[in-house]
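Residues per chain, in single letters:
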Amino acid sequence: MAQESQSTEYLCDFVYLDRDRAALYFAQLDPENGTPTQVKRTEKHGGQDADKLTVGIPKLMAKEYGGGTQFERSIEGQYDPSWLIPIEVMNRLDELSYITTDLEQARIGRMALLTGSMRVIDVRFLKELWPYVGDMIAKQASDALPANTPPKVKQQTISHARKETDLMSGVISKMPHSLQASFTVQGKRIWTTLRPDNMLMNPEDLALKHGADIPGEWRLLGIIDALPELSSPSPSSAPEGFDLEGGLVNIINTLRTFMGRQSGSFGITPIAIFRTIKPV
């Protein structure tokens, strides 16, 4: 039986999957039918049961009367196609030349399927740790002083560092803390945020098992939405006086530089992140 079954080149082991976005593309590829939510299969088998009735003395004057009963058997099964949609979408988009695998051809709004190494950084767990991080920075500032530093100067240094770190940690704790991933592909860096609801592997398990760098060769399907910049974003040239828009622009640019995509990285909206499992 194994030789007669259809062979599968490899399995897709998803760590991240945006099924809503995949279903959206599937519906556009098949606008007449939309996205299937359930598949129903029915198999029917029919035939006739033959009955024979013998009348008379057997072997001498017997006569057979033929009859039978028509019958039909059906087997019905219902299947969930949602897990097949992402793979079907990738195959269809590739056939229609929607997907590029070369970053040199990447443009904003293009879809790419890229292969490389992956790093996952869960910034969310730092939210409650920033006050302790401030204490660590203050202690490092104290330890960096020469051994013969007078106690008064040393205490002033610790106090000053603690005030600065308290202010910094207070501001940072109110900033967005996201689940982030970066990929190294063809010598270039790609940055993205990940929606926790779309994770098929627990980020905490990945961190405790591997740290930040997840071993293996990973494939990333997504929409390119930011290209590397030649320089960091410049401050807003606001007119004299208070300018709300200019101030917010500067804050957002600073926030992006500190906790988001670096200027030399690509930005991508991920649809699927997976590795392949091949038969032995």
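You'll find the structure just up there.
Residues numbered from 1 in each chain as written. Predicted model: local features only at pLDDT ≥ 70, side-chain atom pairs only at ≥ 80, totals over all residues. Heavy atoms only, no water.

Brief notes about the packing of helix α1 (residues 19–29) against helix α2 (residues 85–95)
Here is step 1: Their axes nearest at 9 Å, the elements α1 and α2 cross at an angle of 50 degrees. It follows that α1 is oblique to α2 by the angle criterion. Once α1 is placed against α2, the crossing between them reads as left-handed. Across the interface between the two elements, A22, A23, Y25, F26 and L29 of α1 pack against I85, P86, E88, V89, R92 and L93 of α2. (Axes fitted to C-alpha atoms, helices over the stretch in contact; angles between N-to-C directions. Helix = DSSP H or I, 4+ residues; strand = E, 2+ residues; numbered from the N terminus. Parallel < 35°, antiparallel > 145°, perpendicular 65-115°, else oblique. Left-handed = near helix turned anticlockwise from the far one by under 90°. Contact = heavy atoms within 4.5 Å.)

A word on a nonpolar patch on the surface
Here is step 1: Taken together, the side chains of L244, L248, I251 and I252 make up a nonpolar region of the molecular surface, amounting to roughly 410 Å² of accessible area.
Here is step 2: Among the structural elements, I251 can be located in helix α6 (residues 244–259).
Here is step 3: Judged by its relative accessible area of 54%, I251 falls in the exposed class. (Patch = residues over 30% accessible without salt bridge, like charges linked within 9 Å, V, L, I, M, F, W, Y side chains within 5 Å. Areas by Shrake-Rupley, 256 points an atom, 1.4 Å probe, with all protein chains shown as cover. Salt bridge = Lys/Arg side-chain N within 4 Å of Asp/Glu carboxyl O. Buried < 20%, exposed > 50% of the residue type's maximum accessible area, 1.4 Å probe, protein only.)

Points about the pairing of strand β9 (residues 266–277)
Here is step 1: As defined by bridge partners, strand β1 (residues 11–17) adjoins β9 across six bridges and the pair is classed as antiparallel. Bridge pairing in β9 places L11 opposite I277.
Here is step 2: Both strand β7 (residues 188–194) and β9 contribute to a ladder of two bridges, which runs parallel. Bridging from a neighbouring strand, W191 pairs with G267 of β9.
Here is step 3: Here strand β8 (residues 213–226) pairs with β9 via seven bridges, running antiparallel. Along β9, the bridge assignment pairs G222 with P270. (Pairing = 2+ DSSP bridges.)

Some words on the side chain of T100
Here is step 1: Structurally, the position occupied by T100 is in strand β4 (residues 99–100).
Here is step 2: In this structure T100 comes out as buried when scored by relative accessible area, which is 4%.
Here is step 3: A distance of 3.4 Å separates a polar atom in the side chain of T100 from a polar atom in the side chain of Q105.
Here is step 4: Excluding residues that lie within four positions of it along the chain, T100 makes contacts with Q105, R110, M111, A112 and L113. (Polar contact = N/O pair within 3.5 Å; in protein donor to acceptor, adjacent residues only side chain to side chain.)

Side note on empty space enclosed by the protein
Here is step 1: Summed over all chains, the structure comprises one cavity of 30 Å³ or more.
Here is step 2: Here the largest cavity defines a volume of roughly 50 Å³.
Here is step 3: At the level of elements, α1, α2 and β9 are the ones that each hand at least two residues to the lining of the largest cavity.
Here is step 4: Here the lining of the largest cavity gets four residues from one element, more than from any other, and that element is α2. (1 Å grid on protein atoms, 1.4 Å probe; cavity = no way out; pocket = protein on both sides within 12 Å on 5 of 7 lines; lining within 4 Å. Points joined across faces, edges and corners; volume = space filled by probe spheres on them.)

Description of the layout of surface pockets
Here is step 1: Here the second largest pocket defines a volume of roughly 250 Å³.
Here is step 2: Secondary-structure elements contributing two or more residues to the lining of the second largest pocket are β5 (111–122), β6 (179–185), β7 and α6.
Here is step 3: Along the lines of polarity and charge, the residues of the lining of the second largest pocket split into eight nonpolar, four polar and two charged. (Nonpolar A, V, L, I, M, F, W, Y, C, P; charged D, E, K, R; others polar.)

A short note on the side chain of R261
Here is step 1: Within the secondary structure, R261 is located in the loop between α6 and β9.
Here is step 2: Side-chain polar atoms of R261 contact the backbone oxygen of L227, separated by 3.4 Å.
Here is step 3: Within the local environment of R261, its side chain forms a polar contact with the side chain of E229, the two groups lying 3.1 Å apart.
Here is step 4: The residues touching R261, leaving out its near neighbours within four places in the chain, are W191, A226, L227, P228, E229, R256, F266 and G267.

Looking at unusual backbone geometry
Here is step 1: Here the phi dihedral of S97 falls at roughly 65 degrees; this positive angle occurs in a residue that is not glycine.
Here is step 2: With respect to the helices and strands, S97 occurs in the loop between α2 and β4.
Here is step 3: The class for S97 is exposed, based on a relative accessible area of 60%.
Here is step 4: Phi angles above zero are rare outside glycine, and Q186 is one such case at about 55 degrees.
Here is step 5: Mapping Q186 onto the fold places it in the loop between β6 and β7.

Structural notes on the pattern of salt bridges
Here is step 1: For the structure shown, the criterion picks out five salt bridges.
Here is step 2: The salt bridge partner of E104 is K188, with a shortest N-O separation of 2.9 Å. Here the residue E104 occupies a position in the loop between β4 and β5, and K188 occupies one in strand β7, the gap between them amounting to 84 residues.
Here is step 3: On the basis of relative accessible area, E104 is assigned to the exposed category, the value being 53%.
Here is step 4: Here E229 and R261 are joined by a salt bridge, their closest N and O atoms 3.1 Å apart. Pair noted here: E229 is in the loop between β8 and α6 and R261 is in the loop between α6 and β9, with a separation of 32 residues, a long-range link.
Here is step 5: Since its relative accessible area comes to 30%, E229 is described here as partly exposed.

Keep in mind that these numbers describe shape and distance, not what the molecule does.
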